[in-house]
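One letter stands for each residue in the lines below.
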Amino acid sequence: MSDDVDPERAVMIRLRARLAVVERAAWFGMVHALRTRPAEVEAYIAAERDKCATGFAGPKWARDLTDAERAMLGAEVDAGLAQLLQDARDEA
């Protein structure tokens, strides 16, 4: 096994690391907000889920995707937001 990282894969790994950092920072904010203003956070997430359901169902969001791909993306986003809220509730 080589200890070298392919330069193309290094770009992908750096992007994954950046995403992980942003995700952890956002997680802190989410848990803090849920602890301090739970009703507002729950209402905000519900509104975002509704907005995303409408947006991904129509042709204006993610125009580069097919209808089926957009439906899949919308379902994944909805499931992710629902899980995020549940995980934050469990943490708080």
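Residues numbered from 1 in each chain as written. Predicted model: local features only at pLDDT ≥ 70, side-chain atom pairs only at ≥ 80, totals over all residues. Heavy atoms only, no water.

## A few points about unusual backbone geometry
- Even without glycine at this site, alanine 62 takes up a positive phi of about 50°.
- Along the polypeptide, alanine 62 turns up in the loop between α2 (38-57) and α3 (67-91). (Helix = DSSP H or I, 4+ residues; strand = E, 2+ residues; numbered from the N terminus.)

## Re the packing of aromatic side chains
- Per the counting criterion, the structure on display carries 1 aromatic pair.
- Relative to tryptophan 61, the ring of phenylalanine 56 has its centre 5.0 Å away and its plane inclined at 85°; by these criteria the two rings are edge-to-face.
- Among the residues examined, tryptophan 61 registers a relative accessible area of 32% and is labelled partly exposed. (Phe/Tyr/Trp six-rings, centres within 6.5 Å; stacked < 30°, edge-to-face > 60°. Buried < 20%, exposed > 50% of the residue type's maximum accessible area, 1.4 Å probe, protein only.)

## Let's talk about the packing of α2 against α3
- Their axes nearest at 9 Å, the elements α2 and α3 cross at an angle of 175°. Between α2 and α3, the crossing angle belongs to the class labelled roughly antiparallel. For the pair α2 and α3, contact is made by Val41, Glu42, Ile45, Glu48, Arg49, Cys52 and Phe56 and by Arg70, Leu73, Gly74, Val77, Asp78, Leu81, Ala82, Leu85 and Arg89, respectively.
- Per-class residue counts for the contact of α2 with α3 are 9 nonpolar, 1 polar and 6 charged. (Axes fitted to C-alpha atoms, helices over the stretch in contact; angles between N-to-C directions. Parallel < 35°, antiparallel > 145°, perpendicular 65-115°, else oblique. Contact = heavy atoms within 4.5 Å. Nonpolar A, V, L, I, M, F, W, Y, C, P; charged D, E, K, R; others polar.)

## Considering the pattern of salt bridges
- Tallying each qualifying case throughout the model produces 5 salt bridges.
- Among the salt bridges present, the one from aspartate 78 reaches arginine 49, with a minimum N-O distance of 2.7 Å. Residue aspartate 78 is located in helix α3, and its partner arginine 49 is located in helix α2; the two are separated by 29 residues in the primary sequence.
- Assessed through its relative accessible area of 29%, arginine 49 is described here as partly exposed. (Salt bridge = Lys/Arg side-chain N within 4 Å of Asp/Glu carboxyl O.)

## Points about the environment of isoleucine 13
- Among the secondary structure elements, isoleucine 13 is positioned in helix α1 (residues 7-36).
- Sequence-wise, isoleucine 13 and alanine 75 are 62 residues apart; in three dimensions their C-alpha atoms are separated by 26 Å.

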